[in-house]
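Given next are the chains, with one letter for each unit.
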Amino acid sequence: MPSLISSLYVQAGAINAFEQALAVTSANVSNASTPGYASQTQTLVAMREDISQGAIGGVAAGPVVSSRDQYAEQAVRNQQTALGGSTESVNSLTSLQSMFDVTGASGISTALSSLYQSFSAWGQTPSDGTARQNVLTSAGNLAEAFQTTASGLTSAATTANQQLQQTVTQVNTLVGQLQQLNTLAMGNNGNDSGLDAQINSAIENLSQYIPVSATEQPDGTYTVMLGGETPLLVGGQQYSLSFDLYQPDNSTIQNAPPLAQIKAADGTDITSDITGGQLGALLNFRNTVLPPYMGDGTQAGSLNTMAQQFADTVNGILTSGNISDASADGTTPAVPGVPLFTYDTTNATNEAVSLSVSSTITLSQLAAIAPGPPAVSNGIPLALAQLENPQSAADQIDGQSYTAAFGDMATQTGNLLNQATEDQQVAQSALTQAQNLRQQQSGVNLDQQAATLVEYQRSYEANAEMLTVLNQLMQDTINILEPGTA
């Protein structure tokens, strides 16, 4: 049998073990709402008992075990990335959709309709000065609408560039904070649950900007990768991203709007690897959504193409007509019509923003006469009015009217926005589900912790009482063995 002294050692060891268990449980309760915190469990280890070998048995505190599940953590990060990307897409596309409004009192669609009406009214009274002035005014309004929309696209691109730079800076800042936390973790040998909570909270925050994967190392540090391939943080070493603008190698349009590019720390272009998070959504908006409208080094953009073709069509019809007929005796030739619109012919991506009514055209220079034969005094305005519902392929753009073509642009932006909104709702639901599952696996259950706290407290008190009894027995024994002390 173990001696009284051995029993005292056993009880003292048990009290120490339960004291540590109580401390861990109390820490769980205190950190129940701490971002990134995973509940901890104090393991208890049964000590070997072999009196002949001096092993007195008992219980001791083992290692503290974290409930953190890295699969659950990564699931939350993935959904955080999806939500960050879809939310950014909704914000960007909402601003884009407002530029292609087909229902309001302004914009290209309304300006086109007004111009067609002015053409029709001019056709009814081809010599009327007011009707001609309305044509010039409506044409100016349409040119201004194209300019406003093109400027809006340019502004959206500029804003996206600024947001890309800010997002890259934010990513680098967060990784820098993680680098500092990693350094602390190396100094603590990975035994600090509070520090681990800070690291995982920071990684989750980072995941809203970019798709990240994080792997915990034996020393408590985390290796963070972008897209599973590009290192951002390894131990105490940070690898920063950078943002740049560039022209594609296959560019054919000089001075076209550049595209956005993200580079790794070694200068490698990783733009195509970033497909999620706020950064991925901004890259998609800047490099994929905007260029088909505003153009880039390889395409003029649908808005510019529409402005150029509409201007050329109207100018072609007007210059095919006459301002006045030739004299009957042939001594005075017919006066041909002049172009109504002008635009920058040197840069295909500047056609919409540079579209304007010719500064030299006057009311009297609007050609109304279709030379025929036979000549029709209002033939040109009637032909122009027919552009609203064109029958000839030469008067169409991509096989449809200009109004319908602009409507298609609006429909495309609307569809993109609707899809982004649906993705946002799905991502929010999926994130909530992933967070709930993580909470079930590694979160602090206050009811469970309260029960555990009571259990350890009672065990602590029982062992403390036992220690008191053993101490009294020891004292009584000493008194018996030492005469005269009673």
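That block above? That's the structure.
Now for a description of the structure that goes with this document. Fair warning: this is a prediction, and the values are worked out from it, not measured in the lab. (Residues numbered from 1 in each chain as written. Predicted model: local features only at pLDDT ≥ 70, side-chain atom pairs only at ≥ 80, totals over all residues. Heavy atoms only, no water.)

### Quick word on the side chain of Thr-413
- Of note, Thr-413 is situated in helix 11 (residues 402-442).
- Excluding its chain neighbours within four sequence positions, the residues that come into contact with Thr-413 are Leu-96, Gln-97, Phe-100 and Tyr-293. (Helix = DSSP H or I, 4+ residues; strand = E, 2+ residues; numbered from the N terminus. Contact = heavy atoms within 4.5 Å.)

### Section: the pattern of salt bridges
- Within the structure shown, the criterion is met by 3 salt bridges.
- Across the salt bridge formed by Arg-438 and Glu-204, the nearest N and O atoms sit 2.9 Å from each other. With Arg-438 in helix 11 and Glu-204 in helix 5 (residues 193-207), this residue pair connects regions lying 234 residues apart in the sequence. Here the two residues Arg-438 and Glu-204 agree in accessibility, since each one is buried.
- Across the pair Asp-244 and Lys-263 runs a salt bridge, and its minimum N-O distance is 3.9 Å. Linking Asp-244 in strand 9 (residues 242-246) with Lys-263 in strand 10 (residues 259-263), this pair joins segments that are 19 residues apart in sequence.
- Note on Lys-263: relative accessible area 25%, which makes it partly exposed.
- Salt bridges sharing partners connect three or more residues here, namely Glu-73, Glu-204 and Arg-438. (Salt bridge = Lys/Arg side-chain N within 4 Å of Asp/Glu carboxyl O. Buried < 20%, exposed > 50% of the residue type's maximum accessible area, 1.4 Å probe, protein only.)

### Regarding the sheet that holds strand 8 (residues 237-238)
- Strands sit in the order 5-6-7-8 across an open sheet of 4 strands; the sheet is antiparallel. On the outer flanks of this sheet lie strand 5 (212-216) and strand 8, each paired with one strand and no other.
- By the bridge criterion, 2 bridges tie strand 7 (residues 230-234) to strand 8 in an arrangement that is antiparallel. Each bridged residue has a counterpart across the sheet, and for Val-234 the counterpart in strand 8 is Gln-237.
- Packing against the sheet, helix 4 (residues 129-188) makes contact with strand 6 (222-226), strand 7 and strand 8, and its axis sits at approximately 40 degrees to strand 7. (Pairing = 2+ DSSP bridges. Axes fitted to C-alpha atoms, helices over the stretch in contact; angles between N-to-C directions.)

### Quick notes on the pairing of strand 5
- Note that strand 5 and strand 6 share 5 bridges and pair antiparallel. Note that in strand 6 the partner of Val-212 across the bridge is Leu-226.
- Hairpin remark: strand 5 followed by strand 6, antiparallel, with 5 residues in the connecting loop; positive phi at Gly-220, about 90 degrees.

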